[in-house]
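Residue-level structural notes
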Amino acid sequence: MTVENDQSQKDERAATKLKELNEWLPVTSCHKANWWYSAFHNVTAMVVAGVLGLPSAMSELGLGPSVTVIVLSWIITLYTLWQMVEMHEMVPGKRLDRYHELGQQVFGKKLGLWIVVPQQLMVQVGSDIVYMVTGGKCLKKFADTVWPNSPPIKTTYFIMIFRAVQLLLSNCPSLNSIALISLVAAVMSLRTKLFNRM
């Protein structure tokens, strides 16, 4: 009887710890988002990457290789998304919401962290650097278009300005705080896609 009590107390403590962690994490702390918030964030994340990446890929690689790389990345993204959806609830009664939880379930407690976390960090840091540089270049292009006779300013300064805005927005408590910014970005991205086709 005491073994069962000890196990139930351990389970209860683990559940309490997990609940406290989820309440603390900005991603899971606020569940007041509506479906349109998710739509704005997803469109912004997916379409903006395509809008920014397509011209760069075309100019650097040429038509054939760039289309091949884009199609290949789309196939890989679709396949990994399908895998994540399938693994999300592969353990009955337990949701695997985070990448490292999926890694731990598939590869084991320790090895899962060592496989998933370094890759996750590389992707996050690499994406942030690419967005900083691309955003800074876009700001410079915008400034040069709006103020053509202004003295030239280095691209580095525009990258630093873009990074400062990123830093400011990263201190928002949740994605719901920047839903308006995501809406504007999604509308601008779709507008850019539509006007580029005409």
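Rules used in this analysis
Residues numbered from 1 in each chain as written. Predicted model: local features only at pLDDT ≥ 70, side-chain atom pairs only at ≥ 80, totals over all residues. Heavy atoms only, no water. UniProt positions renumbered as here; feature names shortened; annotations may be inferred. Helix = DSSP H or I, 4+ residues; strand = E, 2+ residues; numbered from the N terminus. Salt bridge = Lys/Arg side-chain N within 4 Å of Asp/Glu carboxyl O. Buried < 20%, exposed > 50% of the residue type's maximum accessible area, 1.4 Å probe, protein only.

Named according to an unreviewed UniProt entry, the protein chain is Amino acid transporter transmembrane domain-containing protein originating from Rhododendron simsii. The heading Subcellular location (unreviewed entry) in the UniProt record of the protein chain holds the text "Membrane".

**Notes on the UniProt feature "transmembrane region" (unreviewed entry) in the protein chain**
Taking the numbering used here, the UniProt-annotated feature "transmembrane region" (unreviewed entry) corresponds to residues 35–54, 61–82 and 157–190. The span residues 61–82 is 95% helix and 0% strand, and its two end C-alpha atoms sit 29 Å from each other.

**Quick notes on the pattern of salt bridges**
In this structure the tally under the stated criterion is 2 salt bridges. Note that Asp128 and Arg163 form a salt bridge whose closest N and O atoms lie 3.9 Å from each other. Within this pair, whereas Asp128 is found in helix α6 (residues 109–146), its partner Arg163 is found in helix α7 (residues 155–170), the two being separated by 35 residues in sequence. Judged by relative accessible area, Arg163 falls into the partly exposed class, the value being 32%. Measuring nitrogen to oxygen at the nearest pair gives 3.5 Å for the salt bridge that ties Lys140 to Asp144. Placement of the pair is Lys140 and Asp144 together in helix α6, with a separation of 4 residues, close to one helical turn. Accessibility expressed as a relative area gives 18% for Lys140, which makes it buried. Overall, Asp144 belongs to the partly exposed group, its relative accessible area being 37%.

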